[in-house]
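# Architecture at a glance
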Amino acid sequence: VIENACVDCHLARPEGRYSLSPEVGGHSFYVKGEVHEATKINAAACSSCHEDVDEDDTGEFFNVMAKADYDDDGTVESAQAEVEGLLHLIVNDSGTGVLQRSNPPAYRRDGSWNSTRGLEFPVEIVAAVWNYKFVEEDRSLGLHNTKYAVQLLMDTISHFDMSFDMSTRP
């Protein structure tokens, strides 16, 4: 759909005083970065196709709202915040993520990979790690394909946590 694929969005120059920042847009390939000690989202990356896209109230995400409370935290947030919440249900700093409580745990309590020598993971844990890394490494927090990212993460969580609410799955 986009004429020049990734280039149109990721190399778009931000508007105003951030237009020459090496941290956002241009050849940095980032649509979000730190500029003058503040996080800046390059809404210009989306505005040619989506006129109403801008930063959300936090300044951390685009203002594209989720259709439901996917991460089950009681609040419908931006789509990216919901995806980030789902990722944190899988691996987080508190050690409570489903892949930190799996047997054997794929990630340690501090969120680092469990690289214990000789450890073999069952196929469902390997598949869950693949799903988690697929969304995490994309770095768009689901913005590239929100529905698929949410489905993938919710299915992963529900496999390990049967009490996870799947009623909002798109």
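The coordinates are above.
Throughout what follows, the structure given in this document is the object of discussion. Worth saying up front: this structure is predicted, and the values here are computed from it rather than measured.

## What about helix α3 (residues 79-90)?
Think of an α-helix as 3.6 residues a turn; residues three or four steps apart then line up on the same face. In this model, α3 (12 residues) spans 17 Å end to end at C-alpha, consistent with the 16 Å of a helix rising 1.5 Å per residue. Burial of α3 is extensive: nine of the 12 residues sit out of reach of the surface. Within α3, the full set of buried residues consists of Ala79, Gln80, Ala81, Glu82, Val83, Gly85, Leu86, Leu87 and Ile90. Each element contacted by the buried residues of α3 is listed here: α4 (123-138) and α5 (146-160).

## Quick look at the packing of α3 against α4
For the pair α3 and α4, the least separation of the axes is 11 Å and the interaxial angle reads 140°. When the axis of α3 is compared with that of α4, the two are oblique. The crossing of α3 and α4 is left-handed. Only Tyr132, Val135 and Glu136 of α4 make contact with α3, whose side of the interface consists of Val83, Leu87 and Ile90. Across the contact of α3 with α4, the residue classes break down as five nonpolar, no polar and one charged.

## Describing the packing of aromatic side chains
For the structure shown, the criterion picks out four aromatic pairs. When the centroid spacing of 5.7 Å and the interplanar angle of 70° are considered together, the rings of Tyr107 and Tyr132 count as edge-to-face. Of this pair, Tyr107 sits in the loop between α3 and α4 while Tyr132 sits in helix α4, and the two are 25 residues apart along the sequence. Overall, the relative accessible area of 7% leaves Tyr107 in the buried class. With centroids separated by 5.3 Å and ring planes inclined at 55°, the aromatic side chains of Trp113 and Phe121 adopt a geometry described as tilted. Taken together, Tyr107, Trp113, Phe121 and Tyr132 form an aromatic cluster joined through their ring pairs.

The rules we used
- Residues numbered from 1 in each chain as written.
- Predicted model: local features only at pLDDT ≥ 70, side-chain atom pairs only at ≥ 80, totals over all residues.
- Heavy atoms only, no water.
- Helix = DSSP H or I, 4+ residues; strand = E, 2+ residues; numbered from the N terminus.
- Expected span 1.5 Å × (residues − 1).
- Buried < 20%, exposed > 50% of the residue type's maximum accessible area, 1.4 Å probe, protein only.
- Contact = heavy atoms within 4.5 Å.
- Axes fitted to C-alpha atoms, helices over the stretch in contact; angles between N-to-C directions.
- Parallel < 35°, antiparallel > 145°, perpendicular 65-115°, else oblique.
- Left-handed = near helix turned anticlockwise from the far one by under 90°.
- Nonpolar A, V, L, I, M, F, W, Y, C, P; charged D, E, K, R; others polar.
- Phe/Tyr/Trp six-rings, centres within 6.5 Å; stacked < 30°, edge-to-face > 60°.

Taken by themselves, the reported measurements are silent on function.
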